[in-house]
Each structure stands twice: as C-alpha cells, then as structure tokens.
Amino acid sequence: MKMRFLAVCTALAAATALTGCSQLAGSAGGAQKVTLWLMKGSASEDFIAKFTSSFEKEHPGVDLDVRIQEWTGIGEKVNAVLAGKGTESADVIEVGNTQVAQYIETGGLSELTLEGLREWGSRDWLKGLADPGSIDGAQFGVPWYAANRVVIYNKDLFANAGIKTPPKNRQEWIQATQKLDKGGRQGIYLPGQNWYVLAGFIWDEGGELAVETGSEWVGTLDDDKALAGMEFYKQLQALGDGPKNADEETPPQSEVFASGEVAQIIAPPGQAAAIEAANPALKGKLGFFPIPGKTSDRPGAVFTGGSDLIIPERTAHRRQAVDVITALVSETWQTELARTMSYVPNKASLAHVVDGNEGAASMAPGAAQGRATPKSARWAEVEGKNPIKPYMTAVLNGEDPRRAAKEASGMIGKVLNSDR
C-alpha cells in the first residue's frame with residue numbers, strides 16, 4: 001500500500017496542485033489531527049482500527065481521529081459543521097447517499113470532481129451512489145459502499161417445490177412463486193407498502209417517481225410506465241399473505257420469514273442474521289438471488305442504499321482529507337470493507353471481491369443497475385409524509401390505479417416544490 005501511495009504521489013505532484021498526497025513527514029509542529037466522522041454500524045471496530053493504523057503509517061505526521069456518529073439527528077450536526085457553527089468540526093464525513101442533495105443545497109461542501117476523475121476512477125462508480133452526490137456535473141459526494149435488496153429464500157421450500165435454480169426473469173419468478181404458494185405456505189411475503197421494492201419495478205418499466213421539468217417537480221406515479229410497475233407489484237404481492245396496509249417493518253418481515261412457512265422475502269441480505277437468530281433451525285438453509293428483471297440478461301433495478309464521503313469546504317486540512325478518501329476508496333480498503341461488512345464496493349469493476357460471500361455477491365448485479373430517489377433536498381420530506389404507501393394500499397384494495405396514482409403524484413409534487 002505504501003508503494004502505491006508513493007507512486008500516485010509521484011505521478012500527480014507535477015500535474016496538479018489538487019493532489020491528495022500528503023507531504024507532512026518531518027513537518028514542524030508535530031502531528032496534524034484529521035477528523036473522520038463515520039456512522040454507527042457502517043464499519044466494524046476491527047476495520048476502523050486497522051485502517052487508522054495503516055493510514056497513519058502511510059502518512060507520517062497525521063493523527064487520524066475517527067469519531068462514530070449516530071444517524072438520529074445527524075443532519076443538524078453535519079449542517080453545523082458545514083456552516084462553521086457549533087463546537088465540533090470534521091474534515092471528512094460519511095453521509096447517506098440520498099442525503100447529499102440537501103447538503104449541496106445548504107452549501108459548504110468542497111467540490112471533488114477533479115479528484116474523482118484523476119485519482120478515484122469516478123467513471124466506474126455505481127450510478128446509485130454517484131448520481132445523488134453530484135449536481136450539474138459537479139461531484140460533491142464520493143461513493144464509499146452500497147447495499148441493496150435481494151430475494152432471500154428458503155432452500156428447503158424451493159427444493160420441495162421442485163425448483164432447482166433461482167428464477168432469472170419476472171416470468172420465471174412468478175411461475176416459481178405460484179408453485180411455492182400452496183399448502184398453507186406463502187410463495188412470498190411482500191407487505192403492501194414496501195415502496196422501495198415498488199420503485200425498482202417502476203424503474204424497470206422505464207418510469208420514475210418524480211421528474212424535474214423546468215422550474216418545478218412533477219410526481220409521475222400516474223405515468224403509464226410507473227403504473228405498469230405497480231401492476232407487477234400487485235401480481236407478486238398476491239402470492240402471499242403480506243398485509244396490504246403495512247410496510248416491511250410492521251411486523252418485521254424477518255420474523256415472519258423465520259416461521260419457516262414463507263418461501264421468499266425481498267430484503268438486504270444482512271437480514272439473514274436476524275432470521276437465523278429468530279429460528280436457528282434455518283441456519284444454512286437460506287439462499288439469495290438478485291431481484292429478477294424483465295429479461296434474463298439484466299437483473300431488476302433496485303434502490304441503492306449506502307454512503308458517500310464529503311469534505312467540508314471549511315476544513316483546514318483539505319489535502320489530508322483527500323488522502324483519507326483516497327485510501328478509503330482504494331481497492332485494498334474497498335475489498336476489506338466489502339468482505340468484512342458484506343457490502344457492495346463502490347465500483348462495478350470491484351464486484352468480484354465479494355464472490356465468496358453469497359449474500360453480498362447476490363447484491364452486486366442489482367447494484368450495477370441501482371438507482372437512487374429523485375435528487376431533491378425535499379425528498380426526505382416526501383418520505384416523511386410518504387403518499388406512496390397509501391397509494392399502494394389503495395391499488396391493492398381494488399381502487400382505480402390511475403386515480404390513486406394521480407392523487408399521490410400531486411402530493412409528491414407539492415412537497416418537492418414547497419421551497420419554490
């Protein structure tokens with residue numbers, strides 16, 4: 001790793017004054033403290049300890065101070081740092097990929113477009129992580145890791161139904177689920193308000209949740225393509241007993257699956273641990289496959305969750321902050337993080353590093369087709385009010401889809417345009 005950093009420094013030092021390579025060795029005044037904020041649960045204690053030790057060895061004169069933050073209330077804390085208010089400061093901050101838009105709007109972020117192109121391989125970044133971190137071609141959020149939903153299935157129930165291989169496309173998926181939905185067992189447990197799953201089906205059809213036209217946002221659930229996505233959701237949801245008026249946490253779908261009478265759920269693969277904890281008899285009997293797409297050659301689109309890294313414009317250690325990101329997005333530490341935490345790396349070209357982890361490997365094909373929610377600072381407010389959920393319930397209960405979608409679309413547009 002040290003040789004790689006030295007090579008990068010040598011190659012870039014003459015090319016740009018923006019290089020992230022630190023020249024602190026032997027500098028006067030002792031070590032400079034660089035503060036990195038990571039969110040609770042994003043990386044293990046062992047990963048953090050190993051990364052910190054390695055980084056400080058590679059960058060003499062830098063004292064890397066990693067501080068763990070809670071998700072609750074993090075928006076206010078980050079905004080305080082960006083505005084230079086409050087008592088805390090940070091040089092690099094981990095944020096949710098869909099949160100970057102609000103920080104861009106607030107202001108105070110350092111632009112990282114050139115570093116992305118020259119040092120971090122931004123052309124290969126996962127779209128669902130990179131797009132929310134940019135605006136008008138300028139990159140402010142640097143993709144760190146991704147996670148997305150897959151199908152978790154009960155291998156015994158699949159075998160008993162004579163299904164030898166996981167389905168590769170929607171038609172095969174429906175046919176397999178129909179076989180599984182018999183004898184008091186559920187082919188799939190899909191609650192009626194799992195709108196993240198619906199979003200993927202809408203994107204597969206070429207639709208959107210909302211689009212920006214000129215100076216305003218328009219909700220588009222009533223578009224024909226979006227309605228086709230909802231129709232497929234309805235078809236799949238009917239092959240189980242998921243409640244039409246609740247989401248995946250009411251009750252927690254991992255607990256429902258743990259009964260042993262459910263063949264499939266759609267969830268991040270990390271939920272397998274909760275399933276096995278609730279029913280140890282299922283240990284070793286869980287399988288994973290990407291959400292099938294419309295054709296076998298392309299997996300279904302999925303909402304890509306995960307994190308980006310940002311640098312406050314007010315940092316006094318920008319070059320060293322760039323160094324931290326350079327290390328975190330390097331192949332070495334992307335591999336370590338992905339294998340340790342069962343994440344998808346930030347580049348499609350690194351998907352192979354999780355081949356030995358069935359759950360993480362099942363996420364990678366979907367992540368390559370991953371998307372994010374509309375790039376608006378107001379989208380968090382849409383999720384707070386969430387007109388998509390009652391819309392889904394209305395359609396599943398037999399109401400006219402277009403009328404229900406038009407009402408929900410109007411509410412989405414109203415929220416997104418509330419500041420205009």
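Here we summarise the structure given alongside this text. (Residues numbered from 1 in each chain as written. Predicted model: local features only at pLDDT ≥ 70, side-chain atom pairs only at ≥ 80, totals over all residues. Heavy atoms only, no water.)

## Considerations on the pattern of salt bridges
- In the structure shown here, the tally under the stated rule is 18 salt bridges.
- Here aspartate 131 ties to lysine 127 by a salt bridge, and the two come within 2.7 Å at their closest N and O atoms.
- On the basis of relative accessibility, which here comes to 31%, the residue aspartate 131 falls in the partly exposed class.
- For aspartate 204, the salt bridge goes to arginine 170, with nearest N and O atoms at 3.7 Å. (Salt bridge = Lys/Arg side-chain N within 4 Å of Asp/Glu carboxyl O. Buried < 20%, exposed > 50% of the residue type's maximum accessible area, 1.4 Å probe, protein only.)

## What to know about the side chain of serine 307
- With respect to the element layout, serine 307 can be found in strand β12 (residues 305-310).
- Overall, serine 307 belongs to the buried group, its relative accessible area being 1%.
- When residues no more than four places from it in sequence are discounted, the contact partners of serine 307 are Trp71, Glu94, Val95, Gly96, Asn97, Leu129, Val142, Pro143, Trp144 and Tyr145. (Helix = DSSP H or I, 4+ residues; strand = E, 2+ residues; numbered from the N terminus. Contact = heavy atoms within 4.5 Å.)

## Observations concerning the sheet that holds strand β7 (residues 150-154)
- Read across the open sheet, the three strands follow the order β10-β7-β11; overall the sheet is antiparallel. Each having just a single partner strand, β10 (264-267) and β11 (286-289) make up the two edges of the open sheet. The average undirected angle you get between the axes of adjacent strands in this sheet is 30°.
- Note: β7 against β10, four bridges, orientation antiparallel. Residue pairing for β10: valine 150 is matched across the bridge by alanine 267.
- Set on the sheet, helix α12 (residues 271-278) makes contact with β7, β10 and β11; between it and β11 the angle comes to about 160°. (Pairing = 2+ DSSP bridges. Axes fitted to C-alpha atoms, helices over the stretch in contact; angles between N-to-C directions.)

## Structural notes on the sheet that holds strand β1 (residues 32-39)
- A sheet is described by the order of its strands in space; here six strands give the open sequence β2-β1-β3-β12-β6-β13, paired in mixed fashion. Each of the sheet's edge strands pairs with one partner strand only, and the pair in question is β2 (62-69) and β13 (344-345).
- Here five bridges tie strand β6 (residues 142-147) to β12, and the two strands are oriented antiparallel to one another. Note on β12: the bridge partner recorded for alanine 146 is glycine 306.
- The sheet strands contacting helix α2 (residues 45-58) are β1, β2 and β6, and the helix crosses β2 at an angle near 160°.

## Some words on the pairing of β7
- Here β7 lies mainly inside the structure; five of its five residues are buried.
- Covered by surrounding structure in β7 are Val150, Ile152 and Asn154 together with Val151 and Tyr153, the residues of both alternating faces.
- Note that β7 and β11 share four bridges and pair antiparallel. Bridge pairing in β11 places tyrosine 153 opposite glycine 287.

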